[in-house]
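Here is how the chains run, residue by residue.
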Amino acid sequence: MQSTGGVRWFTRRQIGFGFRPATWQGWLITVVAVGLAVVLLILFRSSRGIGIGAVVVILAAYVGVGALLGGVPRTAPAPAPDPPARRLPPPPASFGSPASFGSPPAAAAATSLGPSATSPPAPYTTSVATPAAREAATAARSAGPPSAEGAALIVDHLTKRFGERTAFEDVSFTVAPGEVFGFLGPNGAGKTTTVRTLGTLIAPTSGTAVVAGIPLLPENGTEIRKRISIMPENPGLYLRLTVVENLELFAGLYGLHHSGPRIEAALEAVNLGARGRDLCGSLSKGLRQRVGLARALLSDPAVMFLDEPTSGLDPVAAREVHDLINDLRKRGVTVFLTTHRLEEAERLCDRVAILNTRLRSVGRTEELRENLFSRALAVETAAPLASPDGVFDAATGVESWRASGDASYVLNVTDPRVAAPAVTRALVAAGADVLSIVESRHSLEDVYLELIDEDPEAAGR
Amino acid sequence: MRLDAGRIRAVVRKEFRALRRNRFIIGTMTVLPIVFLISPMIEIFRLSPGIPEQVVQRLAGSTFLLLLIVPVVVPAAIAAYSVVGEREQGTLEPLLTTPVRREELLLGKAAAAIVPSVAIAYLLFAIVAISAKLFAANPAVTTALLQSSQLVGEILFAPLLAGWSIWVGIAISSRASDVRVAQQLGTLASLPPLGVVVLIDLQVLTPSVGLALAFAAVLLVADLGMWRVVSALFDRERLLTGARATSDRARRAAG
């Protein structure tokens, strides 16, 4: 509670204990309290107990009012006005459009994401959306597995058990700043527990991690939570409060003063600018999900954990969320995305990890395909070949082949770019009418199913 | 540990907004005080001038006891809802992902429960005292109600009993899985401190300002102790998963 201008009525004393009035409202409360105490002492001068009791109550109420309406810590520097919403831009033209987060914020570079483990963190100074930072983030993403130095997340042999039950075990990976990292796995694989562990909500049984540059230790919980945001699968909104009231609560909990512009920008970013006064209970599931996303954006996090953000959304709303995640990527925000939707992971994520209690694989989808499946060409001819052995064995780069239909063949090749011309020449030389020669691509779903099927634990699910 | 007043304020403001729109809580806060007001009001108007002073004193004691039940029962209903209610709504996890410390969260919730409870308790006492002064046929009733030990007791006990009730309610709410169970248990568990007031009412203990101050001091210490105990019980992992932390470090520390 404070005046509309955001000025606090009481402030902590620089010397001594407690608060002192800082505005006319504070002085008015002080005068009223003193006056009331004097009047009561006079009225009850014949009964000292009552008088003293009343004065004690007034004093307690006054201290309480001072604490509630004051509040700058004595050792903290004078309250500087919060920077304007650095990441959250002026209202975009439309939800999820590139303009949504397009204004280049003036903020620290990507390297500020991970201060040394021992240095005190500097909350809300981790924006990574300068052009240089964006380049650095892009380079980090394209360079393959990130190095541990300066990583947004470093997870090392992390394990969580609940009694005899293992939620996840021996999980290790690294996420670069600005990377969109997909976390896939079947139900009960430990995805949400991993997010909760990295979000300091539950303690790991063993192993270590560094989140947003801060070691995952019980004493660092508050500092880590200042630098991250988690959007659970269920957005968990207060349905009796309006959208803005929900966001005001979280702005307050993240210590954001003068949060009005930030809330407006966050709502505009998810295309809910006009729904701020609506009760959350009156919103559809998709709109509630958007409010949850706006809440996650509020604190300008260095690492954003999104747990099934498109769960229950219709295709249009899901696409808008995808656009928003892409915007976050462009702005260099590290996104840790758990999802069941494989096409979503394939479309959005720089790298994916597949978890099934243990980590089955980590890498770019292309790498996973190459590691799991041999590269292949699918050949279709107008009529079955008379002697396919003679045609394919002679072609350069073909390792083996099999028929997949009357006039269809799948060729395992070392390099499709070398093998395709050679196979074409061999088919033409053999007098075959070629209908198509295409590289056979495996989807992320193929990779996922292959990895999960390999896992004996998955058979039980 | 430094508590952040801004975060506590944010919790208080949200709690007030949520309370204002919670029909059950508003109903409890409205109906209960009226119920507890009826009996003393009838007694005040019933007493004629010729009634012996001992009877008047007993009436004052009963009124005092009834009025102190309000700051015990009302916050118990609010506090019992505070954690298990959040869990049932699914709002607890997002709340716990923020930088708010558990002590700050609990203080915010407690402050939001204590303010309306104490305000209602003081209002009821004021209504009874003013009614007695203006309308009581027996002037001894006013004197008995406004004697110093009663006044000090009402002024000091109301917030302290409410504080006890709130911490007990939050402790139960942190462990309960159902709002109604939490409210029933919370109300029951918050009653024991009223035992002293009952002893005064039964004249086993002689009411005096000194006794009131001593009991208030004991309640204050108990409230502060309960705050620390409840804060220690308020474990993020247990609240989300129902299991205690089982880290190697925790195990090493334990054994």
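Quantities reported herein were computed from a predicted structural model and do not represent experimental measurements.

Caption draft 1: Quick look at the overall build of chain B. On a plain count of helices and strands, chain B comes out with 12 helices and 0 strands. Seen in sequence order, chain B has helices and strands lined up from the N terminus as α-α-α-α-α-α-α-α-α-α-α-α. In chain B, the proportion of contacts linking residues at least 24 apart, taken out of those at least 6 apart, comes to 86%.

Caption draft 2: The arrangement of the overall build of chain A in detail. Scanning chain A for helices and strands turns up 15 helices and 16 strands. Sequence separation of at least 24 residues holds for 68% of the intrachain contacts in chain A that already meet a minimum separation of 6.

Caption draft 3: Summary view of the environment of Leu41 of chain A. Turning to its location among the elements, Leu41 of chain A is positioned in helix H1 (residues 24-43). Residues Leu41 of chain A and Gly51 of chain A, spaced 10 residues apart in sequence, show a C-alpha to C-alpha distance of 4.9 Å.

Caption draft 4: The sheet that holds strand S14 (residues 398-403) of chain A, seen in detail. Residues and elements named next belong to chain A. Sheet architecture is open: 4 strands sit in the order S14-S15-S13-S16, paired in antiparallel fashion. Edge strands, defined here as strands with exactly one partner in the open sheet, are S14 and strand S16 (434-440). Adjacent strand axes in the sheet meet at a mean angle of 20 degrees when their direction is disregarded. Across 6 bridges, the pairing between strand S13 (residues 376-381) and S16 is antiparallel. Opposite Leu377, over in S16, you have Glu439 as the bridge partner.

Caption draft 5: Broad picture of the pairing of strand S3 (residues 153-162) of chain A. All names here are of chain A. Strand direction decides the pairing type here: S3 and strand S4 (residues 165-175), joined by 7 bridges, are antiparallel. If you follow Ile154 over to S4, its bridge partner there is Thr174. Counted between consecutive antiparallel strands, the loop separating S3 from S4 contains 2 residues, among which Gly163 sits at a positive phi close to 65 degrees. Sheet analysis places S3 next to strand S6 (residues 206-211), joined by 5 bridges and oriented antiparallel.

Caption draft 6: How the structure looks around unusual backbone geometry. Residues and elements named next belong to chain A. One non-glycine residue, His157, lies in positive phi territory at about 50 degrees. Topologically, His157 is positioned in strand S3. We classify His157 as partly exposed; it has 13 C-beta atoms within 10 Å. A positive phi angle, near 50 degrees, is found at Glu308, a position not held by glycine. Inspection of the secondary structure assignment puts Glu308 in the loop between strand S9 (303-307) and helix H9 (315-330). Classification of Glu308 by C-beta neighbours within 10 Å gives buried; the count is 20.

Caption draft 7: Main features of the interface of chain B and chain A. Facing 38 residues of chain B, the contacting portion of chain A comprises 40 residues. Broken down by secondary-structure element, the contributors of at least two residues to the side of chain B that touches chain A are helix H1 (5-20), helix H4 (92-96), helix H7 (148-175), helix H11 (236-241) and helix H12 (248-254) of chain B. Of the residues forming the side of chain B that touches chain A, the biggest block, 8 residues, is contributed by H1 of chain B. Of the residues that constitute the side of chain B that touches chain A, the class distribution is 16 nonpolar, 10 polar and 12 charged.

Caption draft 8: Fine view of the nonpolar core. Grouped together as the largest cluster of nonpolar side chains are 160 residues, with contacts concentrated most on Val211 and Ala294 of chain A. The biggest single contributor to this core is helix H3 (residues 53-89) of chain B, with 19 residues. Residue contacts for Ala294 of chain A: discarding those within four places in its chain leaves Leu247, Ala266, Leu267, Ala269, Val270 and Leu272 of chain A.

Caption draft 9: Examining helix H4 (residues 191-198) of chain A more closely. Residue and element names in this part refer to chain A. Among the 8 residues of H4, 8 are classified as buried, and the element is accordingly described as predominantly covered. Lys191, Thr192, Thr193, Thr194, Val195, Arg196, Thr197 and Leu198 are the residues of H4 that are buried. Of the residues trailing H4, Thr200 is marked for its positive phi of about 65 degrees.

Caption draft 10: Looking closely at the confidence of the model for chain A. Residues and elements named next belong to chain A. Overall, the predicted model of chain A reaches an average pLDDT of 76, with 73% of residues at or above 70. Within chain A, no element has a lower average pLDDT than helix H3 (residues 131-142), which sits at 49, and none a higher one than helix H6 (residues 243-253), at 95. Counting interchain partners and residues more than four positions distant, the pLDDT-below-50 stretch residues 1-6 has 12 contacts. Within the model, the stretch residues 71-130 combines pLDDT values under 50 with 131 contacts to residues more than four positions away or in other chains.

The rules behind these values
Residues numbered from 1 in each chain as written. Chains lettered and ligands numbered in written order. Predicted model: local features only at pLDDT ≥ 70, side-chain atom pairs only at ≥ 80, totals over all residues. Helix = DSSP H or I, 4+ residues; strand = E, 2+ residues; numbered from the N terminus. Contact = placed C-beta atoms within 7 Å. Pairing = 2+ DSSP bridges. Axes fitted to C-alpha atoms, helices over the stretch in contact; angles between N-to-C directions. Buried ≥ 20, exposed ≤ 12 C-beta atoms within 10 Å, placed from the backbone. Nonpolar A, V, L, I, M, F, W, Y, C, P; charged D, E, K, R; others polar. Core = buried A, V, L, I, M, F, W, Y, C linked by C-beta atoms within 7 Å. pLDDT = per-residue confidence, 0-100.

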